[in-house]
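# Examining the three-dimensional arrangement
If you want the building blocks of each chain, they are given just below.
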Amino acid sequence: MEAATAIEEMSFEDALKELERIVARLESGDEPLDNSIALYERGSQLRQRCADRLDAAQARIEAIKLDSDGRPVGTTSFAAS
């Protein structure tokens, strides 16, 4: 398996692309068992990274303040990793 990028440093898009490649490799059924297990573990970590990034994006969207007419007027701070 090629050198792996640290998952915590990956953008959402890069993590999703790698996750899609892993799923394709696993679905092919051509990987040996030990490699399949390693791929599955990395895929699980990538899935979690994507979920965390989506949660952070959702928090940012929800933090947008609206005025009395429903127009965005600013944001509130939020805690995101």
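Just so it is clear, the structure is predicted and the values come from calculations on it, not from any experiment. (Residues numbered from 1 in each chain as written. Predicted model: local features only at pLDDT ≥ 70, side-chain atom pairs only at ≥ 80, totals over all residues. Heavy atoms only, no water.)

### A look at the overall build of the protein chain
- Counting secondary structure elements, the protein chain contains two helices and two strands.
- Secondary structure elements in the protein chain, listed N-terminal to C-terminal, are α-α-β-β.
- Counting the 81 residues in the protein chain, one finds 20% classified as buried.
- Put simply, of all contacts in the protein chain between residues at least 6 apart along the chain, 47% involve residues at least 24 apart.
- In the structure as shown, the protein chain presents an accessible area of about 6,100 Å², 51% of it carried by carbon and sulfur atoms. (Helix = DSSP H or I, 4+ residues; strand = E, 2+ residues; numbered from the N terminus. Buried < 20%, exposed > 50% of the residue type's maximum accessible area, 1.4 Å probe, protein only. Contact = heavy atoms within 4.5 Å. Areas by Shrake-Rupley, 256 points an atom, 1.4 Å probe, with all protein chains shown as cover.)

### Overview of helix 1 (residues 12-28)
- In a regular helix each residue adds 1.5 Å, so 17 residues correspond to 24 Å; helix 1 covers 24 Å between its end C-alpha atoms and thus fits that length.
- Of the surrounding secondary structure, the elements contacted by the buried residues of helix 1 are helix 2 (33-62).
- Phi for Gly29, located one or two positions after helix 1, is positive at around 75°. (Expected span 1.5 Å × (residues − 1).)

### Looking at the side chain of Arg42
- One can find Arg42 in helix 2.
- Here Arg42 falls in the buried class, since its relative accessible area comes to 11%.
- Among the polar contacts listed, one links the side chain of Arg42 to the side chain of Glu18, at a separation of 2.5 Å. (Polar contact = N/O pair within 3.5 Å; in protein donor to acceptor, adjacent residues only side chain to side chain.)

### Some thoughts on the side chain of Ser36
- Among the secondary structure elements, Ser36 is positioned in helix 2.
- Engagement of the side chain of Ser36 in a polar contact is seen with the backbone oxygen of Glu31, the distance being 3.4 Å.
- With sequence-adjacent residues up to four places away left out, Ser36 is seen in contact with Leu26 and Glu31.

### Side note on the nonpolar core
- Ile7, Met10, Ala15, Leu19, Ile22, Leu39, Leu46 and Cys50 together form the largest nonpolar core, which totals eight residues.
- Those elements that place two or more of their residues in this core are helix 1 and helix 2. (Core = buried A, V, L, I, M, F, W, Y, C linked by side-chain atoms within 4.5 Å.)

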